[in-house]
Amino acid sequence: MVVERLFMSVTPDSREYPPLLREIPDKPSRLYVVNPIVDWGSAVPIAIAGTREPTSYGADLTRKVVKALVDEGFKPIVTGGARGIDRIALRAAAAHGEVGVKVLPCISLNEDVDPMIEKVSEHLCNGDWQSKMSGWLVTRNRITVGMSYALIIPEAKVSNPEWRRYGVACCGTYHAVEYAVKYKRPVYIIIPRWELLRKRYDERWFEEAFMLIDNAGAESVGDVDELIKELKQVVKR
């Protein structure tokens, strides 16, 4: 059956299991994969995360980052598949003829198949899965980051510039940063173009996120060229 060909259950000893993911201490004992198209033996996966509400500059920057990564052989692009930066990155990879990896909180046996995307999750969407979704949305970041050499954040934004005062969540991207630091994966955040943000947005939304992520252990880089230069230093192929 076609479904059997496109759907796989893989364990850490399977060749379809991402090699870097085997190295983390809390690696999933099993992954469910739809459309297994990545050659993990030669892959140099890089994770991308960011705001679900990117500015036009953030969207363009994400596309430039993906093009540069693909041109330099850093692929596939790995994201959580959320709207905003994640999906822009996956579409950009496809536009350059490269596959992407979408890490989902859970996966369905009837999952739609995108020929350019490998979908991965450690959970099936069955039973009482909806009550577990909020936790899975956070923990999927450990897979996204765990299977990747580095995490790149083109643009981040807090959910509320007064989040510290009211105790609301800063930004989902921060969970990915926490896992990257835990697994000793380098994190790069591109310094925002503050002069552009000030013209159209309340820069506090972005400044708070940038400072939080930078303080958490990310390395700030000025532009895409500097990012690629840094990646070449830390990713040995």
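Residues numbered from 1 in each chain as written. Predicted model: local features only at pLDDT ≥ 70, side-chain atom pairs only at ≥ 80, totals over all residues. Heavy atoms only, no water.

**Description of the nonpolar core**
In step 1: Grouped together as the largest cluster of nonpolar side chains are 36 residues, with contacts concentrated most on Leu31, Val101, Met147, Leu151 and Ile153.
In step 2: Mapped onto this core, the elements with two or more residues apiece are strand 2 (31-34), strand 5 (100-103), helix 4 (133-146), strand 7 (151-153), helix 6 (173-182), strand 8 (187-190), helix 7 (194-200) and helix 8 (204-215).
In step 3: Ignoring sequence-local partners within four residues, the contact set of Ile153 consists of Ala49, Gly50, Thr173, Val177, Val187, Tyr188, Ile189, Ile190 and Ile213.
In step 4: Counting residues in each nonpolar core, the second largest holds 25 residues, with Ile48, Leu69, Leu227 and Ile228 among its members. (Core = buried A, V, L, I, M, F, W, Y, C linked by side-chain atoms within 4.5 Å. Buried < 20%, exposed > 50% of the residue type's maximum accessible area, 1.4 Å probe, protein only. Helix = DSSP H or I, 4+ residues; strand = E, 2+ residues; numbered from the N terminus. Contact = heavy atoms within 4.5 Å.)

**Focus on a negative patch on the surface**
In step 1: Judged by side-chain charge, Glu219, Asp223, Asp225 and Glu226 come together as a negatively charged surface patch.
In step 2: Mapped onto the secondary structure, Asp223 falls in the loop between strand 9 (219-221) and helix 9 (224-234). (Patch = residues over 30% accessible without salt bridge, like charges linked within 9 Å, V, L, I, M, F, W, Y side chains within 5 Å. Areas by Shrake-Rupley, 256 points an atom, 1.4 Å probe, with all protein chains shown as cover. Salt bridge = Lys/Arg side-chain N within 4 Å of Asp/Glu carboxyl O. Lys, Arg positive; Asp, Glu negative; His and termini not counted. Charge placed at Lys NZ, Arg CZ, Asp CG, Glu CD.)

**As for the packing of helix 4 against helix 6**
In step 1: Remark: helix 4 packs on helix 6, axes separated minimally by 8 Å, with the N-to-C direction vectors making an angle of 50°. In terms of axis orientation, helix 4 runs oblique to helix 6. Every pair of crossing elements has a handedness; the one defined by helix 4 and helix 6 is right-handed. Of helix 6, the residues touching helix 4 (which contributes Val138, Thr139, Asn141, Arg142 and Val145) are His175, Ala176, Tyr179 and Ala180.
In step 2: In terms of residue class, the contact of helix 4 with helix 6 is made up of five nonpolar, three polar and one charged. (Axes fitted to C-alpha atoms, helices over the stretch in contact; angles between N-to-C directions. Parallel < 35°, antiparallel > 145°, perpendicular 65-115°, else oblique. Left-handed = near helix turned anticlockwise from the far one by under 90°. Nonpolar A, V, L, I, M, F, W, Y, C, P; charged D, E, K, R; others polar.)

**Points about a positive patch on the surface**
In step 1: Positive charge collects at one region of the surface, where Arg52, Arg83, Arg87 and Arg91 lie side by side.
In step 2: Along the polypeptide, Arg87 turns up in helix 3 (residues 85-95).
In step 3: Residue class for Arg87 comes out partly exposed when judged on its relative accessible area of 41%.

**With respect to the sheet that holds strand 6 (residues 117-121)**
In step 1: Taken together, the nine strands give an open sheet; going across it, the order is 1-2-6-5-4-3-7-8-9, and neighbouring strands pair in mixed fashion. The sheet is open, and its two borders are formed by strand 1 (7-10) and strand 9, each paired with just one other strand. Sheet twist, expressed as the mean angle between neighbouring strand axes with direction ignored, is 25°.
In step 2: Sheet topology note: the strand 7/strand 8 ladder contains three bridges and is parallel. Counterpart to Leu151 in the pairing with strand 8 is Val187. (Pairing = 2+ DSSP bridges.)

**Notes on the pattern of salt bridges**
In step 1: On inspection of all chains with the given rule, the structure shows 12 salt bridges.
In step 2: Of the charged contacts, one joins Lys119 and Glu111 as a salt bridge, the two residues approaching to 3.5 Å between their closest N and O atoms.

**Looking at the confidence of the model for the chain**
In step 1: On average, residues of the chain carry a pLDDT of 90, and 92% of them reach 70 or more.
In step 2: Segment residues 1-5: pLDDT under 50, and two contacts once partners within four positions in sequence are set aside and those in other chains are kept. (pLDDT = per-residue confidence, 0-100.)

**Notes on the packing of aromatic side chains**
In step 1: What the rule picks out here adds up to four aromatic pairs.
In step 2: Measuring from centroid to centroid gives 6.2 Å for Phe7 and Tyr32, while their planes differ by 20°, and the two rings are stacked. With Phe7 in strand 1 and Tyr32 in strand 2, this pair connects stretches of sequence that are 25 residues apart. Assigned by exposure class, Phe7 and Tyr32 land together as buried.
In step 3: Positioned over the ring face of Trp205 is Lys157, at 5.2 Å from the centre of the ring. (Phe/Tyr/Trp six-rings, centres within 6.5 Å; stacked < 30°, edge-to-face > 60°. Lys NZ or Arg CZ within 6 Å of the ring centre and 35° of its normal.)

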